[in-house]
Every structure is written in structure tokens, then in C-alpha cells.
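So the chains spell out like this:
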Amino acid sequence: MNNQNLLHHIATAIGFAGLIGWYYAASKLGILDWGINLVPREYAGAGMMVGVMVAMTPGFFLWKLWTRWTEKKLGITGKYYEDDFYKDPKDKS
């Protein structure tokens, strides 16, 4: 394994730890409880999922920015799934 791969793995681990911290902070701030309290008691699980989605959307956006920034800094190239997915259908080969 070369040095760039090791640095990329470390950066990915740091980003993942950031996501875990983001979830923990959202939980402590009561965002998950907010989602649970939005719905009747028998739908508490669905309400919690709403809370998780609301809380984690900005976290995953930051994750995307973090990974793209680290890959740019480390000179790692590749193809992102969403690059082809959002392409104009006329441009696809």
C-alpha cells in the first residue's frame, strides 16, 4: 500500500468519525426526539427516521465535501457514481 492510499484511508476514517460525532450531537440536541414527537406514538420509529434524515442530511453533505477535498489534495482520481447518474441522457454513450 502506498503513502497516498494510507493517507486516504486515514482521511476517510477521520470523516467517518466526524459523521459519528454529527449523529451523537444531533441526538444530544434532541433532533431525533423532535422527529419522534412529530407523529403518534405507534409511529415513533417512522418519526425517528424523519429525525435521522433531517439531522444527517447536512452531515452527509459535509462528508461529500470532505472526501472530495481530501481526494483533490492527495491527487486521487476516479469516477463518482453521481457524475454519470446526473448526466444528460443525450451525453451518455
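Values in this document were obtained by computation on a predicted structure and should not be read as measured data.

Student: How would you explain the packing of helix α1 (residues 3–29) against helix α3 (residues 44–74) if you had to name every residue and give the values?
Tutor: Between α1 and α3, the least distance of the axes is 9 Å, while the angle of their chain directions is 160°. With respect to α3, the element α1 is oriented roughly antiparallel. Pair α1 / α3 crosses with right-handed handedness. Broken down by class, the residue content of the contact of α1 with α3 amounts to 18 nonpolar, six polar and one charged.

Student: Explain α3 residue by residue, including any values.
Tutor: The end-to-end C-alpha distance of α3, which contains 31 residues, comes to 44 Å, matching closely the 45 Å that a straight helix rising 1.5 Å per residue would cover. When the local axis directions of α3 are compared, the greatest deviation, roughly 35°, occurs at Met-56, which is followed within four positions by the proline Pro-58. Buried within α3 we find Gly-47, Gly-51, Val-52, Ala-55, Met-56, Gly-59, Thr-67, Thr-70, Glu-71 and Leu-74. Of the residues one or two after α3, Gly-75 is the one with positive phi, at around 70°.

Cut-offs applied
Residues numbered from 1 in each chain as written. Predicted model: local features only at pLDDT ≥ 70, side-chain atom pairs only at ≥ 80, totals over all residues. Heavy atoms only, no water. Axes fitted to C-alpha atoms, helices over the stretch in contact; angles between N-to-C directions. Helix = DSSP H or I, 4+ residues; strand = E, 2+ residues; numbered from the N terminus. Parallel < 35°, antiparallel > 145°, perpendicular 65-115°, else oblique. Left-handed = near helix turned anticlockwise from the far one by under 90°. Nonpolar A, V, L, I, M, F, W, Y, C, P; charged D, E, K, R; others polar. Expected span 1.5 Å × (residues − 1). Bend = angle between axes of the 7 residues up to and from the residue. Buried < 20%, exposed > 50% of the residue type's maximum accessible area, 1.4 Å probe, protein only.

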